[in-house]
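# A structural walkthrough
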Amino acid sequence: MRWTISKTPSADTAADLLVFPTFQVKDKADIKDVLLGTKGGVRKAAPGETAPAGIKKKVASSGFVAKACSLLPVYCSNTKAGWLVLAGLGDETKLDLETIRKTAGTVAKKAREMKAKKVLVVVPDSKRLGIDDVAFSRAWVEGAEMSLSPTGAMKTAKKSPEFPASCVLLADISRAKDLRAGAAEAQKFVAGCFFARALVNEPPNIQTPVHLAESAKKMAKEENLKCKILTVPQMKKLNMGGLLGVGQGSANPPRLISLEYRGGKSKKSPTIALVGKGVTFDTGGISLKPGASMDLMKSDMGGAAAVLGATKIIAQLGLDVNLITIIPTAENMPDGNAIRPADVLTMANGKTVEVLNTDAEGRLILADALWYAGRSKPDYIMDAATLTGACVVALGTHFAGLMSNSSELIDSLKQAGGETFERVWHLPLIDEHKDAMKGTWGDLKNLGPREGGAMTAAGFLAHFVPEETQWAHIDIAGPSYAERPATLTPVGGTGFGARLMARAVQIIAS
Ligand code: BES
Ligand code: ZN
Ligand code: ZN
């Protein structure tokens, strides 16, 4: 969708849809005043401007009170913009960024349904909104775009033309610079989110580790990043027993993807490593998963998708950081050559791990990747992984679990999550969780006690992170895939984590 800013008086501009974001009114009789006025109205009338009488009448009799995400389309023949839509922003005292995104998303979906090519949005008064123009346009554009996330890449039907194709934010010219900046930033976040979503949605017969590496390489080229892909012989040289072990049961060989963005402008610029779990399909291996819903395990590379999406955003924003993105990727299959429960693997850091359950494979591949990331001595490491069913049981699908040894990372991720609405919930991580993963036959085991599974999984990973490095582990098993559609997320990969981590890096870099 193309976004532009214009000061043209709304009623005189040719368009298919003219949108008025509107605060909720207490009494439905008040709604007639919102268009240009005093009550829920978010725009002041231009000198001499009045709403056409016919429209006022229709709005007054509608019963519409502008609850959040509710819409009132009114046909108005006497303006060039044929349809006018009041878009509810809900209670004025409760407005937040996500409400703006969802309202924008609801409008965008309506515009698509109405086959509107051009949409005009009357930008509300920033004083009335209580947020600046950059933040408003960023949220509006992000919400509109995210709600229309492309789907059906594998369907053979011809793609229908894009509706809406263009969107104009209407405001006084003095506000254009800020509105443009917000829209441009939003489009970068959306690009990263869509990239992540598309990667998760690709079917696992196509999205193999080699294919994921190719996608990462292509993105790296587009964003001017360095890209290195380790193959099996190179992984063998580094003794990556975890990644090799998980990959050995599949006909599709594992890979270790690493990307580098050198955006640091000074010696003080932080070095940040992002690590993402890239299991392109998780059958459970010899500890085979039950058949029901196993198809969802194509999303077990959601962490890889998230860090790739975040990397794309960070590169496009040109943030003042040095970024290393590491993705261990493998397919977890049962096979004559697959690892079995009781196997002992030697990991890249030299520690031995007894495999008690081949379905706890994510931690095995992440262990080698965290060690690999640690070699570059980053100031911070963030990893994202669809790691445990336990985290889904504990937190559901609206929150990722956050486990960390760093209060700075916890604060940054909580703030970033509040703003992007990719929310995290802080869970404890203590030495007892690390100790719970000590093995009988090897130094460690990959399966802990039944209780506290999300935290003992993090405890396992902690054995592979340098002590002094600030590290956050984000378990996205719940929110990374949507089984039901919502306003901003169609069914499929949600892209969860891409915007969150990019925003967190932006906060750390600022
Ligand atoms: N990929 C799964 C975790 C998962 C579950 C992701 C649900 C998304 C939705 C992971 O590899 C796994 O199977 N974990 C096991 C670990 C257990 C064997 C210790 C689990 O959570 O059951
Ligand atoms: Zn598994
Ligand atoms: Zn898995």
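Summary of the structure given here. Model, not experiment: these values are computed from the prediction. (Residues numbered from 1 in each chain as written. Chains lettered and ligands numbered in written order. Predicted model: local features only at pLDDT ≥ 70, side-chain atom pairs only at ≥ 80, totals over all residues. Heavy atoms only, no water.)

## So, the coordination of the zinc ion (ligand 2)
- Binding of the zinc ion (ligand 2) to the protein goes through Asp-282 (OD), Asp-359 (O), Asp-359 (OD) and Glu-361 (OE), at separations of 2.0 to 2.2 Å.
- One way to put it: the six donor atoms around the zinc ion (ligand 2) meet at angles of 70 to 168°, and that makes the site irregular.
- When the donors of the zinc ion (ligand 2) are listed by position in the chain, the intervening gaps give D-x76-D-x1-E.
- The zinc ion (ligand 3) is placed at 3.2 Å from the zinc ion (ligand 2), the two being bridged by Asp-282. Of this pair, Asp-282 sits in strand 10 (residues 278-282) while Glu-361 sits in the loop between strand 13 (352-354) and helix 10 (362-374), and the two are 79 residues apart along the sequence.
- Among the residues examined, Asp-282 registers a relative accessible area of 3% and is labelled buried. (Donors = N, O, S within 2.8 Å, 3.2 Å for Na, K, Ca; no water. Tetrahedral: all angles 85-135°; square planar, octahedral: opposite > 155°, others 65-115°. Helix = DSSP H or I, 4+ residues; strand = E, 2+ residues; numbered from the N terminus. Buried < 20%, exposed > 50% of the residue type's maximum accessible area, 1.4 Å probe, protein only.)

## Concerning the side chain of Thr-489
- Its place among the elements puts Thr-489 in the loop between strand 19 (481-482) and strand 20 (492-493).
- If we skip the residues at most four places from it in the chain, Thr-489 touches Arg-197, Arg-484 and Thr-494. (Contact = heavy atoms within 4.5 Å.)

## Considerations on helix 6 (residues 209-222)
- With 14 residues, helix 6 extends 20 Å between its outermost C-alpha atoms, agreeing within 8% with the 20 Å of an ideal straight helix rising 1.5 Å per residue.
- Within the span of helix 6, buried status applies to Pro-209, Leu-212, Ala-213, Ser-215, Ala-216, Met-219 and Ala-220. Angular distribution of buried residues about the axis of helix 6 spans 160°; they occupy a single face of the element. The exposed set on the far side of helix 6, more than 90 degrees from its buried face, consists of Lys-218 and Lys-221.
- Its buried side turned inward, helix 6 meets helix 5 (176-201), strand 7 (226-230), strand 8 (255-262), strand 10, helix 9 (302-317) and strand 11 (322-332). (Expected span 1.5 Å × (residues − 1). Arc of directions from axis to C-beta.)

## Structural notes on the pattern of salt bridges
- Evaluation of the coordinates by the stated rule reveals 21 salt bridges.
- Measuring nitrogen to oxygen at the nearest pair gives 3.3 Å for the salt bridge that ties Glu-113 to Lys-110. Separated by three residues within a single helix, Glu-113 and Lys-110 lie in helix 2 (residues 97-113), roughly one turn from each other.
- Assessed through its relative accessible area of 22%, Lys-110 is described here as partly exposed.
- Put simply, Asp-359 and Lys-289 hold a salt bridge, and the shortest N to O gap is 2.9 Å. Here Asp-359 is found in the loop between strand 13 and helix 10, whereas its partner Lys-289 is found in the loop between strand 10 and helix 9, with 70 residues between them in sequence. (Salt bridge = Lys/Arg side-chain N within 4 Å of Asp/Glu carboxyl O.)

## Section: the environment of Asn-446
- Here Asn-446 is to be found in the loop between strand 17 (444-445) and helix 14 (453-462).
- Among the residues examined, Asn-446 registers a relative accessible area of 0% and is labelled buried.
- For the pair Asn-446 and Ser-62, spaced 384 residues apart in sequence, the C-alpha to C-alpha distance is 61 Å.
- Asn-446 has contacts with Val-353, Glu-354, Val-355, Leu-356, Asn-357, Ala-360, Arg-363, Leu-364, Met-437 and Phe-460, leaving out every residue within four places of it along the chain.
- In terms of polar contacts, Asn-446 uses its side chain to reach the backbone amide nitrogen of Leu-356, at 2.8 Å. (Polar contact = N/O pair within 3.5 Å; in protein donor to acceptor, adjacent residues only side chain to side chain.)

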